[in-house]
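The primary structure of each chain is shown beneath.
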Amino acid sequence: METRSRTTRAASLEELRAVGRLVVALDGHTICLLAEGDEIYAVDNRCPHMGFPLHRGTVSDGILTCHWHHARFDLCTGGTFDQFADELRRFPVEIEDGDVYVDLTPRRDRVEHQRQRLQVGLERNISLVVAKAAIVLVEAGPSGVDAFRAGLDFGVRRRGGGWFRGLTTLTCFMNLMPRLPAEERAAALYHGLTDVALDSAGEEPRFPLEPLPGEADPQRLARWFRSFVEVRDSEGAERALVSAVRAGATPEQLADMLFTAATDHRYLDGGHTLDFVNKALEALDVAGWDRAEAVLASLPAQLAFAERMEESNAWRHPVDLVALLEDAFERLPEPGAGLWDGRAELVETTLEAEPADVLEALLGALHAGASAVDVASAVTFAAAMRIARFPTTNEFGDWDTALHTFTFANAVEQGLRRAPSRELLRGVLDAAMSVHLDRFLNVPATRLPEPDDGHGALAELPLLLDRQQQVDDAARLVASYRGDPGELIATLGACLLREDRNFHTIQCVEAAVRQHELLRGTGEEGLPLIAAARYLAAHAPTDRAQRQTYEIARRLHRGENLYEDDTLPPAA
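As the structure is a computational prediction, the values presented were derived from the model and not from experiment. (Residues numbered from 1 in each chain as written. Predicted model: local features only at pLDDT ≥ 70, side-chain atom pairs only at ≥ 80, totals over all residues. Heavy atoms only, no water.)

> What's the story with helix α7 (residues 218-230) in this structure? I'm lost.
One turn of an α-helix holds 3.6 residues; hence residues three or four places apart share an orientation. Counted at 1.5 Å a residue, the expected span for α7 with its 13 residues is 18 Å, and the 18 Å between its end C-alpha atoms agrees. Taken residue by residue, α7 has Pro218, Leu221, Phe225 and Val229 as its buried positions. Burial along α7 is one-sided: seen end-on, the buried residues are contained in an arc of 70°. Seen from the open side of α7, the exposed residues pointing more than 90 degrees away from its buried face are Gln219 and Arg223. On the buried face of α7, the contacting elements are α8 (234-246), α9 (251-262) and α12 (300-305). Arg232 sits one or two residues past α7 and shows a positive phi near 60°. (Helix = DSSP H or I, 4+ residues; strand = E, 2+ residues; numbered from the N terminus. Expected span 1.5 Å × (residues − 1). Buried < 20%, exposed > 50% of the residue type's maximum accessible area, 1.4 Å probe, protein only. Arc of directions from axis to C-beta. Contact = heavy atoms within 4.5 Å.)

> How should helix α10 (residues 272-287) be read in this particular structure?
The end-to-end C-alpha distance of α10, which contains 16 residues, comes to 22 Å, matching closely the 22 Å that a straight helix rising 1.5 Å per residue would cover. Most of α10 is tucked away: 14 of the 16 residues are buried. Directly after α10, the chain includes Gly288, whose backbone phi takes a positive value near 110°.

> Would you take a moment to explain the environment of Arg439 for this structure?
Turning to its location among the elements, Arg439 is positioned in the loop between α18 (422-437) and α19 (457-464). Exposure remark for Arg439: the relative accessible area of 28% places this residue in the partly exposed category. Taking C-alpha positions, Arg439 is 49 Å from Arg117, a pair spaced 322 residues apart along the chain.

> In this structure, what is going on with the sheet that holds strand β6 (residues 63-65)? I would like to understand it.
The pairing of strands in a sheet happens through backbone hydrogen bonds and is either parallel or antiparallel. Read from one edge to the other, the open sheet built from three strands follows the order β5-β6-β7, with strand pairing classed as antiparallel. Among the strands making up the open sheet, the edge pair consists of β5 (58-60) and β7 (72-74). Geometrically, the sheet is characterised by an average inter-axis angle of 25° between neighbouring strands, direction not taken into account. Judged from the three bridges that link them, β6 and β7 form a sheet pairing that is antiparallel. Along β7, the bridge assignment pairs Ile63 with Asp74. (Pairing = 2+ DSSP bridges. Axes fitted to C-alpha atoms, helices over the stretch in contact; angles between N-to-C directions.)

> I would appreciate a short explanation of the pairing of strand β9 (residues 99-103) in the present structure.
Both faces of the sheet carry side chains from a regular strand, because those side chains alternate between them. Counting buried residues along β9, five of its five residues qualify, which places the element largely inside the surrounding structure. Summarising the sheet, strand β8 (residues 93-96) and β9 pair through four bridges and their orientation is antiparallel. The residue bridging Val93 from the neighbouring strand is Val102, located in β9. Taking the residues that link successive antiparallel strands as the turn, the β8-β9 hairpin has two residues, and the phi of Asp97 there is positive, at about 55°.

> Help me understand the side chain of Asp103, please; the structure alone is not making it clear to me.
Examined against the element boundaries, Asp103 turns out to sit in strand β9. For Asp103, a relative accessible area of 3% gives the class buried. Within the structure, the side chain of Asp103 is placed 2.7 Å from the side chain of Thr105, a separation counted as a polar contact. (Polar contact = N/O pair within 3.5 Å; in protein donor to acceptor, adjacent residues only side chain to side chain.)

> Which parts of the structure should I look at to understand the sheet that holds strand β2 (residues 21-26)?
If you trace the three strands from one edge of the open sheet to the other, you get β2-β3-β4, paired in antiparallel fashion. On the outer flanks of this sheet lie β2 and β4 (39-44), each paired with one strand and no other. Each strand of the sheet is rotated relative to its neighbour by a mean of 25°, with strand direction disregarded. Pairing of β2 with strand β3 (residues 29-36) involves six bridges; the strand directions are antiparallel. Bridge pairing in β3 links Ala25 to Thr30.

> Explain unusual backbone geometry here, please?
Note: most peptide bonds trans; most residues except glycine with negative phi. Cis peptide bonds are those with omega within 30 degrees of zero, and the linkage from His317 to Pro318 qualifies with 0°. With respect to the element layout, Pro318 can be found in the loop between α12 and α13 (321-330). Cis geometry marks the peptide bond from Ala540 to Pro541; its omega dihedral reads -5°. Along the chain, Pro541 turns up in the loop between α23 (526-538) and α24 (545-557). Even without being glycine, Asp61 reaches a positive phi, approximately 55°. With respect to the helices and strands, Asp61 occurs in the loop between β5 and β6. One non-glycine residue, Tyr267, lies in the positive phi region at around 45°. Considering the arrangement of structural elements, one finds Tyr267 in the loop between α9 and α10. Given a relative accessible area of 7%, Tyr267 falls into the buried group.

> Is there a simple way to think about the packing of aromatic side chains in this case?
For any two aromatic rings, the description comes down to two numbers: the centre-to-centre distance and the angle of the planes. The final tally for this structure, using the stated rule, is eight aromatic pairs. Where Phe164 meets Phe276, the ring centres are 5.8 Å apart and the plane angle is 75°; that geometry is what we call edge-to-face. Of this pair, Phe164 sits in the loop between α4 (145-158) and α5 (165-176) while Phe276 sits in helix α10; the two residues are 112 residues apart in sequence, bridging distant segments of the chain. By way of ring pairs, the aromatic residues Phe164, Phe276 and Phe503 are connected into one cluster. Between the NZ or CZ atom of Arg343 and the centre of the ring of Phe381, over which it lies, the distance is 5.3 Å. (Phe/Tyr/Trp six-rings, centres within 6.5 Å; stacked < 30°, edge-to-face > 60°. Lys NZ or Arg CZ within 6 Å of the ring centre and 35° of its normal.)

> Is there a simple way to explain the pattern of salt bridges in this structure?
Between side chains of opposite charge, pairing is possible as soon as their charged atoms come close. Following the criterion strictly, the structure yields 40 salt bridges and no others. Here Glu139 and Arg110 are joined by a salt bridge, their closest N and O atoms 2.8 Å apart. Highlighted residues: Glu139 in helix α3 (residues 127-140) and Arg110 in helix α2 (residues 110-124), separated in sequence by 29 residues. Linked through salt bridges whose partners overlap, the residues forming this network are Glu184, Arg547, Glu551 and Arg554. (Salt bridge = Lys/Arg side-chain N within 4 Å of Asp/Glu carboxyl O.)

> Teacher, can you tell me more about the state of the cysteines here?
What makes a disulfide is a covalent bond joining the sulfur atoms belonging to two cysteines. Scanning the model with the defined rule gives zero disulfides in all. In this model Cys47 remains outside any disulfide bridge; the closest cysteine sulfur is found in Cys66, 3.9 Å from its own. By relative accessible area, which is 4% here, Cys47 ends up buried. By relative accessible area, Cys66 is classed as buried at 3%. (Disulfide = S-S within 2.5 Å.)

> Help me out: how do you make sense of the pairing of β4 in this one?
Bridge analysis of β3 against β4 gives six bridges, and the strand direction is antiparallel. Note that in β4 the partner of Ile31 across the bridge is Asp44. Between β3 and β4, which follow one another and run antiparallel, lie two residues, and Gly37 among them has a positive phi close to 65°.

> Would you explain the packing of α10 against helix α22 (residues 503-519) in this entry?
Angle between the axes and distance between the axes are the two parameters that describe a pair of packed helices. The geometry of α10 relative to α22 is characterised by a closest axis approach of 14 Å and an angle of 65° between their N-to-C directions. Judged by the sense of rotation from one axis to the other, the crossing of α10 with α22 is left-handed. For the pair formed by α10 and α22, the contact residues are His272, Asp275, Phe276, Lys279 and Glu282 on the first element and Phe503, His504, Gln507, Glu510 and Arg514 on the second. Across the contact of α10 with α22, the residue classes break down as two nonpolar, three polar and five charged. (Left-handed = near helix turned anticlockwise from the far one by under 90°. Nonpolar A, V, L, I, M, F, W, Y, C, P; charged D, E, K, R; others polar.)

Written out as structure tokens, the structure is:
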């Protein structure tokens, strides 16, 4: 084709008017030329939705309709009437000496356009739109922080009920992203962002409260916050919290406010509430604490309205665990400096002993020099052991019971590493009681796998997880692996991303990776990954429909054809 300064000859006008539409290949573009009345149009022949060839569409009254999913486009502007699609790319046309010339100059910033499209996908819960945006935004910024911030801002603003599953999923995947293969990082963000959109769909939006007028004392606000949560006054709690942010409370002070309220009552909402608090703080570590006011304001409703386990039969009968805990809280000593060597014994006691003896062992460890993180880590390890030794003779739903204890214990430990306090230390004792309550889920306890030579574990694990309930074999593969732990974690992450989103499985893998890294070099670091592999294997394979959507977006991004048409001209 003849090329001029800005335009490229596409066809003769006579030829185009004779047939009404032509498909031409110009400089890597496949373009559909349309003669409609006195006008000539040039558009990308690939439908921006899923790539169907638009020359097979229909034009009526200036609207081009793609017949694959009935997306409609204004020929004059390229604008779509269907937000699941996208704007159709138009190319300016010039007619000279009986020939049609097309201007191929790019007309828009692709990254900025996908930022805008991400908002559309989040607002309308359109997974394919989110997937396309995630791919482009991660390609432009491999850290993924740009898209993560967009999802975080949307979720805390849009979901009236406050922080919940979607934002937790997004933060879990953001934490995992640096540990995933580079080619899977956009998929991780896609999963997180689409869960935020799904979790917000149909919800009333949040209307944030302004801070109190004038200056305020963060310590007094912290007391008020705690008392408002106590009486389930979420609005009072929210105003106290945002006022503390505006008054200049430090991240540690804000964390302490939240963790204190989260441990004033026992094991809120089966452990979810404290885990959500921890994830919100981790989200701010990534997105920036300048977002603290909006993000933390999403937590008071979760804290105020959570189920309190002192209200549940299991924590009161046949042993009144709440009374035992309250007595132990009164006797909590100041934690030691970590000069303590009783970890193995404490783990065993937590798993096997009666509740009063477990609590005495925890207090004794603190008296003996254990730090708050020492005892928290031991209890988290015991909770991971429940999953690693969970027999498949249990009811399937009981996986979640063990999972809740593990993620709660992990969140308490992370909180103590961030903002240690006597109040948050209560959460360690709560976690230990939950480990005790889960004891029958290990009767009989599955044996930990005997390692073999580990050959081919990275290749075998994805194949194994193509079959249902390969729980023990998955554990054996992970236990046998002797290579780079980072490669094993990347493989587990990639296997997770193949599946349809299961909130608890995502929580399990993310917490297990965190625990593995904290325990590296101790000889215990393999157990959390064994637990994660068993949990993942129990919940795989799924239909993998969500991955199919992502793969469509990825193929379109690469310029592949989803629909083969032998009538199209070869690409130039």
